[in-house]
Structures are given as structure tokens and as C-alpha cells.
Amino acid sequence: MALQSKIEPSLSEGEIEAARPLRSARFVRRLRPVVEVLASVVVVMSVWEMVIRFFDVQPFIFPAPSAVLASLWSGLASGKYIFALGVTLSEILIGCTVGTVAGLLIAAMMVSSKLAHRVVYPWIVGVQTIPKVAIAPLMLVWFGFGIESKILIVALTSMFPVMVNTIAGLSSTDRDQVALLRALCGSRLQVLRYVQLPAALPYIFAGLNTAIVLAVIAAIVGEFVGSRAGIGFLILQANFALDLAAVFALLTLLGALGVTLSSCVRMVENRVCFWNRRN
Amino acid sequence: MVASLEFKDVNLTYQVDGRAPVNAVCGVSLSIGDGEFVAVVGPSGCGKSSLLKLALGLEMKTGGTIHIGGDEVEKPRRDVGVVFQSPVLLPWRTILQNVLLPADVLKLPKAEASRNAMDLLALAGLKGFEEAYPHELSGGMQQRAGIVRALVHDPRVLLMDEPFAALDALTRETMSIELQRIWMARRKTIVFVTHNISEAVLLADRIVVMSARPGRIISDLQNPEPRPRDIRFLSQPAASELSGKIRESLDRAYGIPARELVA
Ligand SMILES: Nc1ncnc2c1ncn2[C@@H]1O[C@H](COP(=O)(O)OP(=O)(O)OP(=O)(O)O)[C@@H](O)[C@H]1O
Ligand SMILES: [Mg+2]
């Protein structure tokens with residue numbers, strides 16, 4: 001793709017004309033998966049609705065998709081879900097940012113010092129193996145029911161995959177590329193800047209992709225353990241009220257949030273690591 | 001002539017944990033004059049690349065001394081350029097950015113370096129590919145970009161490790177002629193490792209033959225024929241005679257007729 005757009009100016013008019021139908025074909029090809037997914041959603045929802053109506057299933061056992069959609073709409077229209085989404089999203093975004101920065105810094109430290117690697121790594125793995133649900137009540141005691149405790153849980157969760165991948169990325173550098181920089185009198189900082197960091201970017205983004213998905217889970221876990229707002233908080237409330245349509249509506253919202261966040265990360269990745277797509 | 005690059009009794013033994021040490025370079029003494037074009041030939045694995053890495057300051061010798069322009073080589077120097085056996089381009093930089101890497105790392109004035117880079121890229125037949133990324137170029141084009149990168153900061157000493165090995169015969173010839181032209185115009189000291197005897201005869205003032213590992217120098221041949229030399233030079237008697245001498249030395253180096261090994 002990148003080459004295509006670069007070569008185009010040198011093509012003659014006729015050749016550009018010839019390239020146009022190709023482009024629209026590519027557009028259709030790219031749209032196809034989206035259409036396929038949408039079609040499958042429609043099919044599943046129709047079957048689901050028919051089964052519920054046919055067997056006359058009670059809404060507090062399993063809600064019909066129509067009821068879920070209605071609940072979703074009213075929740076969004078009243079602003080209630082929007083506010084909850086805002087709370088959960090801030091927990092995820094702030095927590096993930098803090099976690100990512102911490103993961104990058106710790107990784108940089110461990111790569112630059114073998115001693116740090118030996119001493120710090122076991123601690124991190126130790127903390128990581130404790131389930132976050134088990135730590136969440138502690139965070140609540142220390143940081144209260146507000147957004148801070150969730151941010152911390154999210155940060156703790158997302159730090160690990162970023163750190164592990166960054167370490168792998170920074171140690172994956174090509175020896176010849178480092179030799180080239182050294183032959184040019186490059187300092188350690190220049191080796192990091194011109195070779196190690198760019199080479200580590202695809203790894204870092206792989207870590208970020210895992211981190212963002214885990215961050216959604218961590219935020220909901222935190223809200224389940226104790227909170228006053230957020231999607232997780234609303235799910236618990238709806239569950240107690242046996243309003244399963246609302247639970248399903250909130251779960252749908254949560255799924256959409258996860259998919260959106262993950263695609264955002266992937267989009268930025270494709271931008272930043274453009275050179276990594278082909279090879 | 002002032003010695004520009006001088007090896008005195010240089011030894012290099014690689015010590016890898018848990019394995020027997022490998023003696024790659026053994027007692028090499030070689031004095032290369034300022035502006036001299038020296039070709040190094042020898043069997044594969046005899047320590048040619050190692051010799052260049054020593055001069056680059058990338059490997060530490062285990063014996064002897066190496067001087068460039070009178071200073072002992074202990075770390076990489078600004079006035080030395082290198083072309084590795086593989087192109088070693090950074091995939092996230094365009095060809096122009098790759099070629100300008102030495103200017104960036106050495107913090108040279110941008111405008112001047114850019115102009116120099118554009119000229120050299122045109123010379124290497126890479127005009128129009130300045131904004132392309134390495135994976136969009138053929139192997140030979142990548143190698144040419146690697147050569148341009150070595151020249152961009154105008155180093156006094158140029159170390160080339162089989163720079164044309166990945167090129168087809170025709171490109172190889174044009175690049176050889178271009179290299180000779182650049183050398184005549186800018187008079188760099190060049191050490192040029194090659195497996196190709198014709199290439200050595202065409203380009204070099206002096207051809208050094210190394211033995212199989214541990215690499216020692218087994219012959220040191222002068223090639224005083226006038227320049228510029230072109231491909232026709234290779235069919236002249238002087239060139240054939242020199243090629244024959246190099247073959248003979250290589251026969252000794254390999255222990256079997258080199259004709260069967262070296263094209
Ligand atoms: N970093 C290293 N660590 C250990 N041994 C090495 C290292 N680099 C090279 N060697 C060994 O040193 C010897 C000489 O290697 P070198 O790369 O200098 O050979 P060469 O003459 O350039 O060969 P070729 O013509 O195939 O490129 C080889 O036997 C190789 O195994
Ligand atoms: Mg070699």
C-alpha cells in the first residue's frame with residue numbers, strides 16, 4: 001500500500017484510470033468482514049428472539065433481545081449508562097496509562113541492569129501471580145470506594161504484559177544493527193533511540209493490546225468488589241433487582257467497549273509500526 | 001607515504017563460554033598507506049571480517065597493535081566508514097533516512113549531508129527510491145544503499161566487507177567502476193574484502209591473500225597498473241598474470257585447487 005501511493009505520481013493518466021477499479025474492489029474486500037459479522041448478529045438475535053417467544057421464557061430467567069435493546073436504549077437515553085461508561089472508561093484509560101508508563105520504566109531498568117533484573121523480576125512475578133480479585137479488597141481499604149482504587153487495580157494489571165513484552169522487545173535487537181550504531185560512534189542512548197526502541201515497538205504494542213483487554217476486566221472486578229458508580233456497579237445493581245434485560249444491555253456495552261479499545265490500540269499500532277506489517 | 005592503517009602482529013582469539021577458543025586472526029602485520037586501495041582475499045572463515053571489525057574498534061584484539069592515522073584504535077572512530085557483508089538497513093527508516101543515519105548519529109550539518117546523500121544515491125542508481133522503505137527494495141538495491149551510507153560522512157578510511165557479493169554481475173561491474181571513480185576523486189584509504197579475484201585485480205593497488213584459519217597473510221601482491229581501469233583491463237596480460245598469482249596463493253591457502261572453490 002505504502003509503495004503504491006508513492007509510485008502513483010509517476011504513473012501516466014491511463015495507468016491511474018486503470019488502477020481505480022482495483023481500489024474500489026479493495027474497498028469491497030475490506031468491507032466484507034464487517035458485513036459478515038453484522039449478518040451473523042442479525043441471525044443470532046432472530047433465533048434468540050424466536051426461541052424466547054416460542055417457549056415463553058420468563059424475562060427474569062432469560063430476556064429477549066428486544067427487551068435488551070429497549071433497556072439499552074432507555075439506559076443510554078436517560079444518560080445513566082453514558083455516565084457509568086464515563087466512569088469505567090476513565091478508570092481503564094488512566095489506570096492503563098499509569099500501568100504502561102510503569103511497565104516501560106521497569107522494563108528499561110531491568111534491561112539496563114542485570115542486578116535489577118535478578119532482584120526485581122521475582123517480586124513482580126510474585127505480585128502478578130496473586131489474583132487481582134484477592135488484592136482488590138485491600139485497595140478498597142487503602143484508597144476508598146472512589147475511582148482511585150480502581151485505577152490502581154487496573155494499573156497493576158496492565159503493567160505486567162507491557163513490561164514483559166518491552167523486555168522481550170528491547171532484548172530482541174539485531175546484533176548487526178547495534179554494531180552499525182557502535183561503528184558510527186553511537187552512544188548507548190543513541191543505540192536505544194535509533195535501534196532498540198523502534199525495534200521494540202511492535203512488542204510494546206502487543207503488550208498494550210493484552211493490557212487494554214485485561215484493564216477492562218480489572219476495572220469491572222474492582223467495581224464488583226466495591227464502588228459507587230460505573231458499568232460494573234450498575235451490573236451488580238441490575239442483578240440484585242433481577243433486571244436481566246439491563247444486565248444483558250450492560251454486558252453488551254462492556255463488550256463493545258472492549259472491542260473499541262482494542263481496535264484503537266491496533267489502529268495506532270498499524271500507524272506507528274507500519275514497517276512491521278508486511279515482514 | 002604515511003601509514004593510514006597499520007596492523008602490527010595482531011591476534012584475535014574469540015573466547016565463547018563453554019567452547020574451545022577460536023583463533024581467528026594470527027600475527028597479522030599490514031601497513032596500508034594513506035589513499036591506498038587494498039583488497040583482501042582468503043578462504044571463507046579465515047578471519048577477514050574479524051580483521052575489519054578489529055580496525056573498526058568493534059572487537060578488541062588479543063595481541064598486537066592497530067593504528068589509524070597514528071592513533072591506537074581502542075574504540076570506533078568518526079573518520080572510518082564501513083559496509084557490512086549484509087546491508088543492515090533499519091526497516092523503520094526510509095532509504096534517505098537510512099543513508100543519513102551517520103549524519104544523525106555524528107550530528108553533522110543536515111543540509112550539507114542531505115545534498116551529499118542525494119548525489120550519492122543518484123550515483124548508486126537509487127534515484128526515486130529516497131522515500132521508499134528497505135523492504136520495498138531488492139537485495140542488491142539494499143546493498144547499494146548500505147554503500148552510500150558508508151560514504152555519506154566522507155570518512156578517510158573505508159572498510160568494505162564483500163560489498164558487492166549480493167549483486168548481479170552487471171551491477172557489480174558498474175558499482176566497481178563507480179567505486180574506483182569515487183576513490184580517484186576523494187582518495188580514501190580502502191580495505192576491500194572479496195572472494196572475487198577479478199574484482200580484486202580490477203580495483204586494488206595491492207592484494208593481500210590470507211591463509212585458512214587462523215588467518216595469516218601469505219602473500220602481498222602489488223598491482224601498479226594505471227587507472228582508470230575498466231572491464232577490458234581484465235583481459236590484458238598483466239591482469240591475467242596477477243590473477244594467476246592470486247590463484248596460486250589461494251591454492252596454498254585452501255590446500256586444494258582454488259579454481260574449484262572460487263569463481
Ligand atoms: N563473534 C564471534 N564469536 C565467536 N567466534 C567468531 C565470532 N565471529 C567470528 N568468529 C569465528 O572466527 C572465524 C573467522 O570469522 P570471520 O567472520 O572473520 O571469517 P571471514 O573470513 O569473514 O569469512 P567469510 O568469507 O565466510 O565471511 C570463524 O571461524 C568464526 O567462527
Ligand atoms: Mg566475512
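Since the model is a prediction, treat every value here as computed from it, not as a measurement.

Caption draft 1: Layout of the sheet that holds strand β8 (residues 189-193) of chain B. Residue and element names in this part refer to chain B. Spatially, six strands are ordered β6-β7-β8-β3-β9-β10 in an open sheet, and the strand pairing comes out mixed. Either end of the sheet is taken by a strand with one partner, and the two such strands are β6 (80-83) and β10 (217-222). Pairs of neighbouring strands in the sheet enclose a mean axial angle of 15 degrees, with direction left out of account. Here four bridges tie strand β3 (residues 37-41) to strand β9 (residues 206-210), and the two strands are oriented parallel to one another.

Caption draft 2: The coordination of the magnesium ion (ligand 2), seen in detail. Residue and element names in this part refer to chain B. For the magnesium ion (ligand 2), the full set of protein donor atoms is Ser-49 (OG) and Gln-85 (OE1), at a range of 1.9 to 2.5 Å. In this pair, Ser-49 sits in helix α1 (residues 48-56) while Gln-85 sits in the loop between β6 and α2 (95-99), placing the two residues 36 residues apart along the sequence. Using a relative accessible area of 44% as the deciding quantity, one classes Gln-85 as partly exposed.

Caption draft 3: Summary view of the site of ligand 1. All names here are of chain B. Contacts to ligand 1 come from 14 residues, most closely from Ser-44, Lys-48, Ser-49, Ser-50 and Arg-213. Between an oxygen atom of ligand 1 and a side-chain N or O atom of Glu-162, the distance comes to 3.3 Å. At 3.2 Å, a side-chain N or O of His-195 approaches an oxygen atom of ligand 1. Burial of ligand 1 by the protein chains amounts to 72% of its free accessible area of 630 Å². Sort the elements by how many residues they give to the shell around ligand 1 and α1 lands first, with three residues. By residue class, the composition of the shell around ligand 1 is four nonpolar, seven polar and three charged.

Caption draft 4: Representation of the side chain of Arg-144 of chain B within the structure. Residue and element names in this part refer to chain B. By the secondary structure assignment, Arg-144 is in helix α5 (residues 139-151). In this structure Arg-144 is buried but unpaired, with Asp-168 as the nearest side chain of opposite charge at 6.2 Å. Leaving out residues up to four positions away in the same chain, Arg-144 has contacts with Ala-124, Gly-125, Leu-126, Thr-171 and Met-175.

Caption draft 5: The interface of chain B and chain A, seen in detail. Across the contact, 28 residues belong to chain B and 22 residues belong to chain A. At the boundary of chain B with chain A, total buried surface from both sides reaches about 2,200 Å², with 71% on carbon and sulfur atoms. Three residues stand out in chain B for area buried against chain A, namely Leu-58, Trp-92 and Val-105 of chain B, and they jointly supply 29% of the buried area on that side. Counting across the interface, chain B meets chain A through zero salt bridges. One can count two residue pairs in polar contact (both at pLDDT 80 or more) joining chain B with chain A. Looking at which element gives the most residues to the side of chain B that touches chain A, the answer is helix α3 (residues 101-105) of chain B, with four residues.

Caption draft 6: Inspection of the sheet that holds strand β5 (residues 71-72) of chain B at higher detail. All names here are of chain B. Taken together, the four strands give an open sheet; going across it, the order is β2-β1-β4-β5, and neighbouring strands pair in antiparallel fashion. Lying at the two open borders of the sheet, with one neighbouring strand each, are β2 (22-33) and β5. Where strand β1 (residues 3-14) meets strand β4 (residues 63-68), five bridges bridge the pair, whose relative direction is antiparallel. Within β4, the position partnered with Asn-11 by the bridge is Gly-63.

Caption draft 7: Examining the pattern of salt bridges more closely. The full count for this structure, using the stated rule, is 17 salt bridges over all chains. A salt bridge links Glu-49 of chain A to Arg-53 of chain A, with the shortest nitrogen-to-oxygen separation between them at 3.0 Å. One end of the pair, Glu-49 of chain A, and the other, Arg-53 of chain A, are both in helix α2 (residues 13-55), four residues apart, so they sit about a helical turn from each other. According to the relative accessible area criterion, Glu-49 of chain A is buried, its value standing at 15%. Note that Asp-154 of chain B is salt-bridged to Lys-188 of chain B, the shortest N-O span being 2.5 Å. Remark: Lys-188 of chain B occurs in the loop between α6 (169-186) and β8 and Asp-154 of chain B occurs in the loop between α5 and β7 (157-161); sequence separation between them is 34 residues. For Asp-154 of chain B, a relative accessible area of 43% translates into the label partly exposed. Overall, Lys-188 of chain B belongs to the buried group, its relative accessible area being 2%.

Caption draft 8: Molecular detail of the domain arrangement of chain A. Residues and elements named next belong to chain A. According to the domain assignment, chain A contains domain 1 (12-55) and domain 2 (65-276). For domain 1 versus domain 2, the separation of C-alpha centres amounts to 31 Å. Between domain 1 and domain 2, the residue contacts involve four residues of the former and five residues of the latter. Contact between domain 1 and domain 2 buries roughly 380 Å² in total, counting both sides, with carbon and sulfur atoms accounting for 76%. A per-residue breakdown of the area domain 1 buries against domain 2 is headed by Met-45, Trp-48 and Glu-49, which together make up 93% of the total. Remark: the boundary between domain 1 and domain 2 carries zero salt bridges. For the interface between domain 1 and domain 2, the tally reads one residue pair in polar contact (both at pLDDT 80 or more). A class-by-class count of the residues in the side of domain 1 that touches domain 2 yields two nonpolar, no polar and two charged.

What counts, and at which threshold
- Residues numbered from 1 in each chain as written.
- Chains lettered and ligands numbered in written order.
- Predicted model: local features only at pLDDT ≥ 70, side-chain atom pairs only at ≥ 80, totals over all residues.
- Heavy atoms only, no water.
- Pairing = 2+ DSSP bridges.
- Helix = DSSP H or I, 4+ residues; strand = E, 2+ residues; numbered from the N terminus.
- Axes fitted to C-alpha atoms, helices over the stretch in contact; angles between N-to-C directions.
- Donors = N, O, S within 2.8 Å, 3.2 Å for Na, K, Ca; no water.
- Buried < 20%, exposed > 50% of the residue type's maximum accessible area, 1.4 Å probe, protein only.
- Near = heavy atom within 4 Å.
- Polar contact = N/O pair within 3.5 Å; in protein donor to acceptor, adjacent residues only side chain to side chain.
- Areas by Shrake-Rupley, 256 points an atom, 1.4 Å probe, with all protein chains shown as cover.
- Nonpolar A, V, L, I, M, F, W, Y, C, P; charged D, E, K, R; others polar.
- Lys, Arg positive; Asp, Glu negative; His and termini not counted.
- Salt bridge = Lys/Arg side-chain N within 4 Å of Asp/Glu carboxyl O.
- Contact = heavy atoms within 4.5 Å.
- Buried area = accessible area lost by both parts, 1.4 Å probe.
- Domains from an automatic or database assignment.

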